[in-house]
Amino acid sequence: MEKVIALNRKEWAEKIRRSAWACTLILAVLLMLLMGARRTYGAGGLELNTDYPGISVKPGDTLSIGLTLENATGTGLDADVSITSLPEGWEAYLQGGSYEVSRVHVNSGGEGTNLTLHVTVPGELTEGTYQAVVQASAGEGVSDTLPITFEVSQVNAGKGSFTSEYPEQEGPSGTSFSFSTTLINNGLKNQSYSLSSNAPAGWNVSFTPSGESTTVAGIEVEPSQSQGLTVDVKPPEGIEAGEYAISCSAVSADETLSTDLTVVITGTYGITVSTPDGRLSFDAHANQTSDLTLNVTNTGNVDLTNVSLTSSLPSGWTSTFELEDNTIESIPAGSTTQVIVHVTPDADAITGDYAASFTASCEETSASADFRVSVKTSTVWGIVAIVIILCTVGGVGYVFRKYGRR
């Protein structure tokens, strides 16, 4: 009996020893697997990439560059993201969703996590290559970096511009027009621009820098800067109504910029009434017709039509114009039409000065001229008056001679 029990103890001891070895072996295998997995995790894992690792930019650009952070570690993890290198004077930040971020969660496999790199390029740059570096790190060697290069050249710096906010203005002849324009140098160096215009003959065009009073024929603009210019345009006197195009140019050694301005001259209406010698007076006799020549002049820049003539005379006076219906059919712009008017004072008009007015009017304008009319006594009646006076004097003398001694 004791032998049997001893044998059983040995068998159980052997089984326990074998089980212990099996457990040890299993633990060793598991440990090796875990160590192998840990090595894989540390050797690769994160990958940071973009579809646009090289970009051409110009001064003042604002860029939004899409990035993707992928995780191949086999398990989700949190990664720190940052911009580790940026050119001096540049500004940048990372965005995830609607937030500026510095740490993101990345699931294993799949499409990864999307980020956006926002970059603001300085307004002043020299030609060359610039680089920004973005890094993602989950610690323990699990990290990746992504360099992005930016090329700046004179070509991609962009062409300048010469523009006007309100390039078309209108007004009557004699009006001076003022246009506010902006000259922009988008290049990478100072530009000296020569200013000129191709205005029609007789027009005066000048350029004045904003905030100054002195006109200039040229101006220097720094890179990526703008310069305001006031363009003053003065048409010649008496210019006809119509639309006039004026092209202004700014020419430098590298580019020719231009802006097109338009001036619309609207119709101006004017009329005067006078005489060929300019005198506004004439003589007349009671109940006798006197002829007066009137000059009716169109002083505007648009032809006048249906110009009617009227008069304002003392009571009992009459006037007649040598015109059908007292109307001038047309007076071209700048032209003069002569009209004869017959004036007859009243039969009872006595010697003296009288006022008479003559008016020319049409739908657009009118004008009047006031005259002084000197009415003279008729020569026949003057002789009769002298005879009466002489007879009266003679009669008085006769009476004194005949009866003076009594």
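Residues numbered from 1 in each chain as written. Predicted model: local features only at pLDDT ≥ 70, side-chain atom pairs only at ≥ 80, totals over all residues. Heavy atoms only, no water.

Caption draft 1: Looking closely at the nonpolar core. Ranked by internal contacts, the top residues of the largest apolar core, which has 31 residues, are Ile65, Leu67, Leu69 and Phe150. Elements with a contribution of two residues or more to this core: strand E1 (46–50), strand E3 (62–71), strand E4 (77–85), strand E7 (103–106), strand E8 (113–120), strand E9 (128–139) and strand E10 (142–152). Sorting elements by how many residues they give to this core places E10 first, with five residues. Non-local contacts of Ile65, meaning those with residues more than four positions away in its chain, are made with Thr50, Tyr52, Ile55, Leu115, Thr116, Leu117, Val119, Ile148 and Phe150. (Core = buried A, V, L, I, M, F, W, Y, C linked by side-chain atoms within 4.5 Å. Buried < 20%, exposed > 50% of the residue type's maximum accessible area, 1.4 Å probe, protein only. Helix = DSSP H or I, 4+ residues; strand = E, 2+ residues; numbered from the N terminus. Contact = heavy atoms within 4.5 Å.)

Caption draft 2: Examining the sheet that holds E8 more closely. With antiparallel pairing, the five strands of this open sheet are ordered in space as E1-E3-E8-E5-E6. Edge positions in the open sheet fall to E1 and strand E6 (99–100), since each of these has one partner strand only. In the sheet, E1 pairs with E3 via five bridges, with the strands oriented antiparallel. When the bridges of E3 are listed, Leu46 appears paired with Asn71. (Pairing = 2+ DSSP bridges.)

Caption draft 3: Summary view of the environment of Ile350. Along the chain, Ile350 turns up in the loop between strand E26 (336–344) and strand E27 (352–361). Put simply, Ile350 and Thr377 are 27 residues apart on the chain and 7.3 Å apart in space, counted from C-alpha to C-alpha.

Caption draft 4: Fine view of the confidence of the model for the protein chain. With 83% of its residues at a pLDDT of 70 or more, the protein chain has an overall mean of 85. When pLDDT is averaged over each element of the protein chain, strand E15 (residues 204–209) comes out on top at 97 and helix H1 (residues 2–43) at the bottom at 52. Segment residues 3–7: pLDDT under 50, and zero contacts once partners within four positions in sequence are set aside and those in other chains are kept. (pLDDT = per-residue confidence, 0-100.)

Caption draft 5: Expanded view of the packing of aromatic side chains. Scanning the entire structure with this criterion turns up seven aromatic pairs. With 5.1 Å between their ring centres and 50 degrees between their planes, Trp90 and Phe150 make a pair best called tilted. Taken together, the residues span a long stretch of sequence, with Trp90 in the loop between E4 and strand E5 (91–96) and Phe150 in strand E10 at a distance of 60 residues. Of the two residues, Trp90 and Phe150, both sit in the buried class. Three or more aromatic residues link up through ring pairs in this structure, and these residues are Phe282, Phe321, Phe358 and Phe371. (Phe/Tyr/Trp six-rings, centres within 6.5 Å; stacked < 30°, edge-to-face > 60°.)

Caption draft 6: Representation of the pattern of salt bridges. Considering all chains together, one arrives at two salt bridges under this definition. Measuring nitrogen to oxygen at the nearest pair gives 2.6 Å for the salt bridge that ties Asp80 to Arg103. Remark: Arg103 occurs in strand E7 and Asp80 occurs in strand E4; sequence separation between them is 23 residues. Judged by its relative accessible area of 39%, Asp80 falls in the partly exposed class. Put simply, Asp353 and Arg372 hold a salt bridge, and the shortest N to O gap is 3.7 Å. On the criterion of sequence distance, the pair formed by Asp353 in strand E27 and Arg372 in strand E28 (residues 366–376) is long-range, its members being 19 residues apart. Residue Asp353 is classed as exposed on the basis of its relative accessible area of 52%. Classification of Arg372 by relative accessible area gives partly exposed; the value is 43%. (Salt bridge = Lys/Arg side-chain N within 4 Å of Asp/Glu carboxyl O.)

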